[in-house]
Amino acid sequence: MGAPVTPDRTTIRKVVTWSVAAAAVLAFVGIIAFWPTGEAPSLGFPQDDYFDATVTKISVDECQSLEIVSAVDCSIATFELTSGPDAGATGQFVVAADDLDLPSVAEGDAVIVLDVPTSPEPYRYVFVDFQRTSSLWVLAILFVVVVVAFGRWHGVRALLGLAAGGLILIAFVVPSLLRDNPAVWVALAGTVAIAVLALYLAHGFDFSTTVALAGTLVALLVTTLLALVASSFANLTGLGDEDAQVLRITADALDLRGLLVAGIVVGALGVIDDVTVTQVSTVAALRRADPTMGPWALYSEAVRVGRDHIASTVNTLVLAYAGAALPLVLLFAQGSAPVARILTGEVVAVEIIRMLVGSIGLVLSVPITTALAAATLEPSDVGHHDHGGHVHGAPASHVTVPADSSKPESGETTPPGGNGPKAATPPDADDAAWEEFSGDDRDFWDG
């Protein structure tokens, strides 16, 4: 049996549980309050005006440039519509040689065209983008296969959590932001709801998951406050992105600075919950290995793992943001502006602030979550669902050996000297590492 639960620990556990429950309730109340209603702003083209097509022929001819008053070489793409009421009909779109915004197309390319019936015939159809549905489906199926093959039921549950998070983003966060609802509050409601569903679906409905969720929510709150302060202190307007400028026209009441903060918060969630889950899992493994360890010893050992994890994760985070901003830096570096001016310009400064704020929240999540786990987890929490903590449904600590046994039974060990009580060794202890955090899949699904 584990050490008795002290009143202080019981109080902390209750505070953590009720705090997480309150945050979850507030998040879902926020979703109801800010649920998108009414028509969203648009650029003026109905969705029905976009059609799929396949390029059947490419020819080169002269056409009138839109930039200068002269004839230039143009690529004239003949295509066949593959969707819409005129499927099977043919048409053409023109790509001028001096139009750097459009990529080159080739015969057989699957494209998307915009039909503008009021334009002159040569310009009625406009190239919009390439079709990517097939390639995305192939990668998505490959992703699901790999996750399920390696993660088994844990992988299935993780995919369910991912689907729930994607549904909240698509059905609530994005439409709500487009309807000019408060961006920061929408982001907080959405990210908290995503965290609750994703963590509990992926890792099970137990107190260990609650601790990881509590650490995630605290780190998200810190990240949100830092993002608000940093964006105000750095005088970020949110207009550095061309897409944001378009939104400013189509949704003039949209708070672009709030939208910037919302993006930072949503982007930070995926990295923070990875770290918090790892830290709770580490504390759980230490508690399982030595149920007599005190909170300070647990914290000290688990934080060592957290430091290693943070070192690699922050490096990954910085490189990811640097890679995203690299084309912008290269573009500005072609001019004569000093490097300092390039880095402090809003387009690049946004990425730097996003990187630094996200990294600070990520680092702080380690001691916060580790301290919560070390102060609250009991042996019964970390061993309740584990294969390694049960033998035929009973906890390993409850397995007894007959007093007159002269030979150790399967799974038992005898201390040196041949005397003393015999301890039961779980027959599948090696498998426990795979189920370390969320426990037995069968226990989870069977209730």
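All figures in this text were calculated on a predicted structure; none of them were measured in a lab.

Student: Let's hear about the overall build of the protein chain: which residues, and what values?
Tutor: What the protein chain contains, in helices and strands, is eleven helices and nine strands. Burial analysis of the protein chain (447 residues in total) assigns 37% to the buried set. In the protein chain, the proportion of contacts linking residues at least 24 apart, taken out of those at least 6 apart, comes to 69%. For the protein chain, the computed accessible surface area is about 24700 Å², with 64% contributed by carbon and sulfur atoms.

Student: Could you give me a rundown of the packing of aromatic side chains, with the residues and numbers involved?
Tutor: Evaluated as defined, the whole model comprises seven aromatic pairs. Seen in terms of ring centroids, Y200 and F205 are 5.4 Å apart; in terms of plane orientation they differ by 5°. Their pairing is stacked. On the basis of relative accessible area, Y200 is assigned to the buried category, the value being 15%. Ring pairing ties together the aromatic residues F79, F93, Y125, F127 and F130, which thus form one cluster. Positioned above the aromatic ring of F207 is the side chain of R13, whose terminal nitrogen or guanidinium carbon lies 4.2 Å from the ring centre.

Student: Can you tell me about a nonpolar patch on the surface, naming the residues and giving the values?
Tutor: Together, F143, V144, V148 and L162 give the surface a local cluster of nonpolar side chains, amounting to about 320 Å² of exposed area. Tracing the sequence through the fold places V144 in helix α2 (residues 133-178). Given the relative accessible area of 36%, V144 is considered partly exposed.

Student: Quick rundown of the nonpolar core? Include the residues and the values.
Tutor: Core analysis: the biggest nonpolar cluster contains 59 residues, and F172, L213 and L377 have the highest contact counts within it. The next biggest cluster of nonpolar side chains, apart from the first, holds 13 residues, and it includes V55, F93, V105 and Y125.

Student: Give me the lowdown on the environment of N235, citing residues and values where you can.
Tutor: Within the secondary structure, N235 sits in the loop between α4 (207-233) and α5 (242-250). Take N235: its relative accessible area is 56%, and that puts it in the exposed class. Considering only alpha carbons, one finds N235 and R257, 22 residues apart in sequence, at a separation of 9.3 Å.

Student: Go over the packing of helix α3 (residues 183-203) against α4 with me, naming the residues and quoting the values.
Tutor: Packed helices, taken two at a time, are described by the angle their axes make and the gap between the axes. Closest axis-to-axis distance for the α3/α4 pair is 10 Å, and the angle between their directions is 160°. Classified by the angle their axes make, α3 and α4 are roughly antiparallel. The way α3 lies across α4 gives a crossing that is right-handed. Touching V184, L188, T191, V192, A195, V196, L199, Y200 and H203 of α3 are T209, T210, A212, L213, T216, L217, L220, T224 and L228, all from α4.

Student: Outline helix α6 (residues 256-289), listing residues and values.
Tutor: Over its 34 residues, α6 runs 50 Å from end to end, which matches the ideal 50 Å to within 8%, given 1.5 Å per residue. Along α6, the largest kink reaches about 35° and is centred on L269.

Student: Tell me about the environment of L188, and please be specific about residues and values.
Tutor: Turning to its location among the elements, L188 is positioned in helix α3. In this structure, the C-alpha to C-alpha distance between L188 and T224, residues 36 residues apart in sequence, is 8.2 Å.

Student: Break down the side chain of S359 for me, with residues and values.
Tutor: Tracing the backbone shows S359 in helix α9 (residues 346-376). Polar contacts involving the side chain of S359 include one to the main-chain carbonyl oxygen of M355, which spans 2.8 Å.

Student: With reference to specific residues and values, describe unusual backbone geometry.
Tutor: In this model, R152 sits at a positive phi of 55°, which is unusual for a non-glycine residue. By the element assignment, R152 lies in helix α2. The exposure class of R152 is partly exposed, given its relative accessible area of 43%.

Student: Mind laying out the pattern of salt bridges, listing which residues take part and the relevant values?
Tutor: Enumeration over the complete set of coordinates arrives at three salt bridges. For the salt bridge of D129 with R132, the shortest nitrogen-to-oxygen distance reads 2.9 Å. Judged by its relative accessible area of 42%, R132 is partly exposed. Between R304 and E301 there is a salt bridge, with its nearest N and O atoms 3.9 Å apart. Linking R304 with E301, this pair stays in helix α7 (residues 295-333), spanning three residues, or about one helical turn. Its relative accessible area of 33% is what places E301 among the partly exposed residues.

Definitions and cut-offs
Residues numbered from 1 in each chain as written. Predicted model: local features only at pLDDT ≥ 70, side-chain atom pairs only at ≥ 80, totals over all residues. Heavy atoms only, no water. Helix = DSSP H or I, 4+ residues; strand = E, 2+ residues; numbered from the N terminus. Buried < 20%, exposed > 50% of the residue type's maximum accessible area, 1.4 Å probe, protein only. Contact = heavy atoms within 4.5 Å. Areas by Shrake-Rupley, 256 points an atom, 1.4 Å probe, with all protein chains shown as cover. Phe/Tyr/Trp six-rings, centres within 6.5 Å; stacked < 30°, edge-to-face > 60°. Lys NZ or Arg CZ within 6 Å of the ring centre and 35° of its normal. Patch = residues over 30% accessible without salt bridge, like charges linked within 9 Å, V, L, I, M, F, W, Y side chains within 5 Å. Salt bridge = Lys/Arg side-chain N within 4 Å of Asp/Glu carboxyl O. Core = buried A, V, L, I, M, F, W, Y, C linked by side-chain atoms within 4.5 Å. Axes fitted to C-alpha atoms, helices over the stretch in contact; angles between N-to-C directions. Parallel < 35°, antiparallel > 145°, perpendicular 65-115°, else oblique. Left-handed = near helix turned anticlockwise from the far one by under 90°. Expected span 1.5 Å × (residues − 1). Bend = angle between axes of the 7 residues up to and from the residue. Polar contact = N/O pair within 3.5 Å; in protein donor to acceptor, adjacent residues only side chain to side chain.

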